[in-house]
Amino acid sequence: MLKDITIGQYFPGDSVIHRLDARFKIIFSIIAAVMLFTAQNFIGLGVAAVFILMCYAASGIQFRMILKSLKPIIPLIIFTGVLNLFFIKGEEILFSWQFITIYTEGAKTSAFMMTRIITLIVGMSLLTYTSSPIMLTDAIESLLSPLKKLRFPVHELAMMMMIALRFIPLLIEETDKIMMAQKARGANLDAKGLIKKAKALIPILIPLFISAFKRANELALAMECRCYRGGEGRTRLKKLKASVIDFFAFGLVLCVFGLIIMNNIVFGK
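In this text the structure is predicted, and so the values were computed from the model without any measurement.

Asker: I'd love a proper account of the packing of aromatic side chains, names of residues and values included.
Answerer: One pass over the full model with this rule turns up seven aromatic pairs. Relative to Phe250, the ring of Phe28 has its centre 6.2 Å away and its plane inclined at 20°; by these criteria the two rings are stacked. Pair noted here: Phe28 is in helix H2 (residues 22-38) and Phe250 is in helix H10 (residues 244-267), with a separation of 222 residues, a long-range link. On the basis of relative accessible area, Phe28 is assigned to the buried category, the value being 11%. Chaining the aromatic ring pairs together yields one cluster made of Phe24, Phe28, Phe247 and Phe250.

Printed below as a string of structure tokens:
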């Protein structure tokens, strides 16, 4: 069901990962993404994957959430794997049948790219799992604060990003409710064929768009009623403060990054 998708959800907790400064967690996520794209072999990806799994264990987030975070991108993973499998040529033929030829290099590249995407999504999901939208908004605004000197609307940008992120689970939940309501009215949402499936989406998309615009209008009215006028002069209930744990975690992430770079130098591809 769509409600099993966990993109953008926050799971409250009191773990070490939860207590880290949100600014550092955003920086860690950026470093992790660079780290994964820097890795040139399975050893490097394995080091990054083990480190991310250790972070999940330290956060107290259940490992079944990893599978839920991967659910929306399964088609992308399969598409990437098939694309690399059939279109990358090599010298050693692994499988050949009529016009289909699969090379060993293509199979290795396909497995490598699929592993990289899975590890990337799992690692990025930990950021929203352990950070509330408010903390992420404050963190993004703090990191982009130097742009305020150029009259860049930093607060408004951070607010829009977090509202969009927060609306993802709400829209998924709303879509699930609309689908169940339409099925109860006799709608055939399991039709086969591309054209029939497109037609079956119409009774879902129209109420979903109406509901999304209604929620957006209610949110705008609520912000106006609370005299929201942007970030100028606003105070915060919880101020972001870096601690020794944040700098220790930063050093640990850099050490893992260093291991991957050394692995690339020693073993290469």
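Asker: Describe in detail the layout of surface pockets, supporting the description with residues and values.
Answerer: Gaps left between atoms show up when a probe the size of a water molecule is rolled over them. Of the voids in this model, the second largest pocket is the one considered here, and its volume is about 440 Å³. Around the second largest pocket sit 22 residues that line it, and Ile17, Leu20, Phe28, Phe51 and Cys55 are the ones nearest its centre. The set of elements that each furnish at least two residues to the lining of the second largest pocket consists of helix H1 (16-19), H2, helix H3 (42-59), helix H6 (104-130) and H10. Of the residues contributing to the lining of the second largest pocket, the split by class is 18 nonpolar, three polar and one charged.

So, how was this worked out
- Residues numbered from 1 in each chain as written.
- Predicted model: local features only at pLDDT ≥ 70, side-chain atom pairs only at ≥ 80, totals over all residues.
- Heavy atoms only, no water.
- Phe/Tyr/Trp six-rings, centres within 6.5 Å; stacked < 30°, edge-to-face > 60°.
- Helix = DSSP H or I, 4+ residues; strand = E, 2+ residues; numbered from the N terminus.
- Buried < 20%, exposed > 50% of the residue type's maximum accessible area, 1.4 Å probe, protein only.
- 1 Å grid on protein atoms, 1.4 Å probe; cavity = no way out; pocket = protein on both sides within 12 Å on 5 of 7 lines; lining within 4 Å.
- Points joined across faces, edges and corners; volume = space filled by probe spheres on them.
- Nonpolar A, V, L, I, M, F, W, Y, C, P; charged D, E, K, R; others polar.

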